[in-house]
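Structural overview for review
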Amino acid sequence: RKGVQPNTVTFSALISAMEKAPGGSQWERALEVFGEMERRGVEPSTVTFSALISAMEKAPGGSQWEKALEVFGEMERRGVEPSTVTFSALISAMEKAPGGSQWERALEVFGEMKRRGVEPDTVTLNALI
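This structure is a prediction, so every number in the text was calculated from the model and none was measured. (Residues numbered from 1 in each chain as written. Predicted model: local features only at pLDDT ≥ 70, side-chain atom pairs only at ≥ 80, totals over all residues. Heavy atoms only, no water.)

The helix and strand inventory of the chain stands at seven helices and zero strands. The secondary structure elements of the chain, listed N-terminal to C-terminal, are α-α-α-α-α-α-α. The C-alpha atoms of the chain give 15 Å as radius of gyration, which agrees with the globular expectation for 129 residues (14 Å, within 12%). Oriented by its inertia axes, the alpha-carbon framework of the chain measures out at about 55 × 35 × 20 Å. For the chain, the residues scored as buried account for 43% of the 129 residues in total. Considering only intrachain contacts with a sequence separation of at least 6, the fraction spanning at least 24 residues in the chain is 64%. (Helix = DSSP H or I, 4+ residues; strand = E, 2+ residues; numbered from the N terminus. Rg over C-alpha atoms; globule rule 2.2 N^0.38 Å. Buried < 20%, exposed > 50% of the residue type's maximum accessible area, 1.4 Å probe, protein only. Contact = heavy atoms within 4.5 Å.)

Turning next to the pattern of salt bridges. Summed over the entire model, instances satisfying the criterion amount to twelve salt bridges. Of the charged contacts, one joins Glu38 and Arg78 as a salt bridge, the two residues approaching to 1.9 Å between their closest N and O atoms. Taken together, the residues Glu38 in helix α2 (residues 27-39) and Arg78 in the loop between α4 (65-77) and α5 (84-95) connect sequence positions 40 residues apart. Given a relative accessible area of 36%, Glu38 falls into the partly exposed group. Classification of Arg78 by relative accessible area gives partly exposed; the value is 30%. (Salt bridge = Lys/Arg side-chain N within 4 Å of Asp/Glu carboxyl O.)

Two elements in contact, helix α1 (residues 8-19) and α2, have axes separated by 9 Å at closest approach and are oriented at 170 degrees. Here α1 is positioned roughly antiparallel relative to α2, judged by the angle of their axes. Within the contact between the two elements, α1 uses Thr8, Phe11, Leu14, Ile15 and Met18 and α2 uses Arg29, Ala30, Val33, Phe34, Glu36 and Met37. Per-class residue counts for the contact of α1 with α2 are eight nonpolar, one polar and two charged. (Axes fitted to C-alpha atoms, helices over the stretch in contact; angles between N-to-C directions. Parallel < 35°, antiparallel > 145°, perpendicular 65-115°, else oblique. Nonpolar A, V, L, I, M, F, W, Y, C, P; charged D, E, K, R; others polar.)

Considering every residue of the chain, the mean pLDDT works out to 94; 99% of them sit at 70 or more. When the elements of the chain are averaged for pLDDT, helix α7 (residues 122-128) gives the smallest value, 92, and helix α3 (residues 46-57) the largest, 97. (pLDDT = per-residue confidence, 0-100.)

Let's shift gears to the environment of Leu125. Tracing the backbone through its elements, the reader meets Leu125 in helix α7. On the basis of relative accessibility, which here comes to 41%, the residue Leu125 falls in the partly exposed class. Between the alpha carbons of Leu125 and Ser88 there is a distance of 8.2 Å; along the sequence they are 37 residues apart. Excluding residues that lie within four positions of it along the chain, Leu125 makes contacts with Phe110 and Pro120.

Below, the discussion takes up the side chain of Thr124. Its place among the elements puts Thr124 in helix α7. With near-sequence residues (within four places) excluded, Thr124 lies in contact with Thr84, Ser88, Ile91, Phe110 and Met113.

Now the structure itself:
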């Protein structure tokens, strides 16, 4: 039996649900789902990567900002264009870093956002202040 096969939207929704899990983001499970997506040959989208970065931003005990940067790097290697949501989640992850804000890196990411012509929104700007 083949059944219905999950696609990019299905996987993205699942990763997004893990970001919003009761008791805090299930970012490690979200990474596992991303791995399953890759094993099945399903191409991730901007929404997929943004949800994964957002799950790391909301990790219990402080963001997983370094892993979020790795995911962002993977997104770039694949040629997937980041959106305002992607950059906002990444900047917010740096703001919520355990042990104190990674504000200098957040400003670097903001500079990259501007260089690419991606417009910041209120969420982006709030994460920076």
